[in-house]
Amino acid sequence: MPNQSSASDSALITAAIDAMTRAYAPYSKFAVGAAVRDEQGRIHCGVNVENAAYPNGICAETAAIAMMVNAGGQRIDRIAIAGGTDRDDILCTPCGGCRQRIREFATPDTVIIIASPDGEQQRFTLADLLPHSFGPANLKP
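Residues numbered from 1 in each chain as written. Predicted model: local features only at pLDDT ≥ 70, side-chain atom pairs only at ≥ 80, totals over all residues. Heavy atoms only, no water.

Before we go on, may I ask you to explain the layout of surface pockets in this structure?
Space left empty within the atom packing is revealed by a probe, the size of a water molecule, rolled over the atoms. Approximately 180 Å³ is the volume attributed to the largest pocket. Its residues assigned to classes, the lining of the largest pocket shows nine nonpolar, four polar and two charged. (1 Å grid on protein atoms, 1.4 Å probe; cavity = no way out; pocket = protein on both sides within 12 Å on 5 of 7 lines; lining within 4 Å. Points joined across faces, edges and corners; volume = space filled by probe spheres on them. Nonpolar A, V, L, I, M, F, W, Y, C, P; charged D, E, K, R; others polar.)

Structure follows, in structure tokens:
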């Protein structure tokens, strides 16, 4: 059930909020941190990194997935994303591209936890955020 939390969720959310403090967002001032827990229980963090040539920036989710793959992880067990400012009243969900990147390494029932800098949170499954998705199984003969 996506609305249930656990102590391991707390560690994942804390890691995402902590990562957010290291985001490189000099243009938008919109910091995002992500923490992925892989199939071995390891946590991999990433941050958004902006670039003066805007399309060349990367999202925190993409960075965290790259860190997971670099460490030998092959599957996202759970992911937490923290973003925004204390003034925001809307939680920051992954962009469309990141939803598809998450799909590459996750299943439709993978839980995605969205958190604000002050710890407010909401849970979704990947299927909630990316229904009827295209994934690796679509390319198997």
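Looking at this structure, how should I read the environment of I65?
Inspection of the secondary structure puts I65 in helix α2 (residues 60–70). Taking the C-alpha atoms as reference points, I65 and G119, separated by 54 residues in sequence, lie 22 Å from one another. Ignoring anything within four residues of it in the chain, the contact list for I65 reads V36, I76, R101, I102 and F105. (Helix = DSSP H or I, 4+ residues; strand = E, 2+ residues; numbered from the N terminus. Contact = heavy atoms within 4.5 Å.)

Got a minute to help me understand the environment of D38 in this structure?
With respect to the helices, strands and loops of the structure, D38 is situated in strand β1 (residues 32–38). On the accessibility criterion, D38 (1% relative accessible area) is buried. Along the sequence, D38 and F105 sit 67 residues apart, while their C-alpha atoms lie 9.3 Å from each other. If sequence neighbours within four positions are ignored, D38 has contacts with H44, M68, G73, R75 and D77. A polar atom in the side chain of D38 sits 2.8 Å from the side chain of H44. (Buried < 20%, exposed > 50% of the residue type's maximum accessible area, 1.4 Å probe, protein only. Polar contact = N/O pair within 3.5 Å; in protein donor to acceptor, adjacent residues only side chain to side chain.)

Whenever I open this one, the sheet that holds strand β3 (residues 76–83) confuses me. Can you help?
Backbone hydrogen bonds hold the strands of a sheet together, and the pairing may be parallel or antiparallel. The five strands lie next to each other as β2-β1-β3-β4-β5, forming an open sheet whose pairing is mixed. Two strands bound the open sheet, and with one partner strand each, they are β2 (43–47) and β5 (121–125). Within this sheet the neighbouring strands show an average axis-to-axis angle of 20°, counted without direction. Pairing geometry for β1 and β2, over five bridges, is antiparallel. Bridged to G33 within β2 is V47. Here α2 sits on the sheet in contact with β1, β2 and β3, set at roughly 140° to β2. (Pairing = 2+ DSSP bridges. Axes fitted to C-alpha atoms, helices over the stretch in contact; angles between N-to-C directions.)

Just to check I follow, could you spell out the nonpolar core for this structure?
Proteins that are soluble and globular tend to have nonpolar side chains buried together. Core analysis: the largest hydrophobic core is formed by 20 residues, its most contacted members being V36, I76, I79, I81, I102 and I112. Among the elements of the structure, β1, α2, β3, β4 (111–115) and α4 (126–129) are those that each provide at least two residues to this core. With four residues, α2 is the largest single contributor of residues to this core. When residues no more than four places from it in sequence are discounted, the contact partners of I79 are L12, A35, V36, E61, I102, V111, I112 and I113. With twelve residues, the next largest nonpolar core counts L12, A15, M20 and A31 among its residues. (Core = buried A, V, L, I, M, F, W, Y, C linked by side-chain atoms within 4.5 Å.)

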